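# A closer look at the structure
These are the residues of each chain, in order.
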Amino acid sequence: MLCSICKAREELEPTPEHVPTVIVSKVDIQRARLQLEEAGLVDKSRKIINAQFYEHKEGIDSESSRDTKNDGEKNNMAIPLLFQGTCLDCLKTACTERLQSTDFQISQQICPRARAMAPPTPYKTLVSELAKALNLKKLNSDLLVDVPRKWEIHEDLAMLPEHSFTHAPEVWEKIPKLWQLVAECLKVKRLARKAHICDNDIRESQATLLLGKNGEVVALDNGIYYSYDVLKCMYSAGNISEKIRISKWNCSQDVVVDLYAGIGYFTLPYLLKAKAKHLYACEWNPHAVHALRRNLELNNVSDRCTILEGDNQKAGLKDVADRINLGLIPTSQRGWSVAIAALKGTKGGWLHVHDNVTTKKNCSRSESWNDHGNFITTELIELAQNIHGGEWEVDVRHVEKVKSYAPHIYHLVFDIECRRKIALA
């Protein structure tokens, strides 16, 4: 309630620089702050500061409400108050009611705005809501290990790590709508959980759908649309640097072969950004082929791409390519002979060889990379001479680091130029 003075007289406003504060000793600061916060008197938008004693402004009293023990500025703190048109008498009265055993003063102080508190992270929100659903104050360590700290977002679908909510299933079953709760906390509509990639030649995804009707999503990456089913196909956002690098090339006069096309990770940058004259896309996973066809249509480049479905060893590519992409890890070595055969035998061309390279013990990173590059070129020279005949020069022109995995393991791309020493007419 406002007193009669507040109602009768013109409201007193603090200046933009100064606000009314309660000054208490450092010893009393925590207790005083809590007591004033309970009364709704603290302006939480401003910082609590060390009290400074300025020349007092007219209308703001700095006299002690009782015998204040002032040990000097260094020992006093100023708590900013919510003013809202309240007169000084009301502020004093309200503070006196709350700080009955604390010496204080009312004074104007320069209290800067406090930095806005960041909202809780989705992980913290998830942990808090799960605890509430289980009627627990907080989750113990055995349950926390089940709650994912990170996940992949694919449109409105969150892909959880493989072991999420698997260690204590009997506990999570007590929450009737667990997956709906998780989805709300992560601000998505669908949920899936990763699983080991199927250990076969096709390397199919074995992810499980937890919430939603299907795993179909569309991603916009570097201005390119990728449509795929997260339950059946893999999508690696970690290769974005290589996609961007390809996008900067001019391949308008090049026929390109992508030996491991997938859903079009590198096929689409070659066609849409690098403007490849034509591209042969090899892929044997039927789910990936389905997605690739759709992605070519989504990006309006179907007319410049030929899909060769099945094993690229049997694709019959001979003397057609100026540039070949071998985007398979941990190694693309099985495709090196196919790539050399596909190169134009009259003049050669470029191979972009993806491999995981481990830094050798007692060797520097550059030495290990150079050694692996020398190994590749030695193998390619022999393949070129056996397949096309004649003498060939094969050189690593550039090594691109895409990303690192475990310590000392790197996903690299070797840009290799393969040329006949004497070009055939």
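Residues numbered from 1 in each chain as written. Predicted model: local features only at pLDDT ≥ 70, side-chain atom pairs only at ≥ 80, totals over all residues. Heavy atoms only, no water.

When helices and strands are tallied, the chain shows 12 helices and 17 strands. For the chain, with 425 residues in total, the buried portion stands at 45%. For the chain, the share of sequence-separated contacts (at least 6 apart) that also reach a separation of at least 24 residues comes to 70%. Summing over all exposed atoms, the chain offers an accessible surface of approximately 23000 Å²; the carbon and sulfur share of this is 50%. (Helix = DSSP H or I, 4+ residues; strand = E, 2+ residues; numbered from the N terminus. Buried < 20%, exposed > 50% of the residue type's maximum accessible area, 1.4 Å probe, protein only. Contact = heavy atoms within 4.5 Å. Areas by Shrake-Rupley, 256 points an atom, 1.4 Å probe, with all protein chains shown as cover.)

Okay, a nonpolar patch on the surface next. Residues Leu220, Tyr225 and Leu298 make up a contiguous nonpolar surface patch of about 290 Å² in total accessible area. Within the fold, leucine 220 resides in strand 9 (residues 216-221). (Patch = residues over 30% accessible without salt bridge, like charges linked within 9 Å, V, L, I, M, F, W, Y side chains within 5 Å. Salt bridge = Lys/Arg side-chain N within 4 Å of Asp/Glu carboxyl O.)

Right, let's talk about the pattern of salt bridges for a bit. Taken as a whole and judged by the stated rule, the model has 21 salt bridges. Here arginine 46 ties to aspartate 43 by a salt bridge, and the two come within 3.7 Å at their closest N and O atoms. Salt bridges linked by common partners bring Asp395, Arg397, Glu417 and Arg419 together as one network.

Glancing now at the packing of aromatic side chains. The full count for this structure, using the stated rule, is 5 aromatic pairs. On the numbers, 6.2 Å between centres and 55° between planes, the contact of tryptophan 249 with tyrosine 270 is tilted. Taken together, the residues tryptophan 249 in the loop between helix 8 (240-247) and strand 11 (255-258) and tyrosine 270 in helix 9 (residues 267-273) connect sequence positions 21 residues apart. Site record: aromatic cluster; members linked through ring pairs are Phe165, Trp172 and Trp179. A cation sits over an aromatic face here: lysine 243 above tyrosine 226, 4.9 Å from the ring centre. (Phe/Tyr/Trp six-rings, centres within 6.5 Å; stacked < 30°, edge-to-face > 60°. Lys NZ or Arg CZ within 6 Å of the ring centre and 35° of its normal.)

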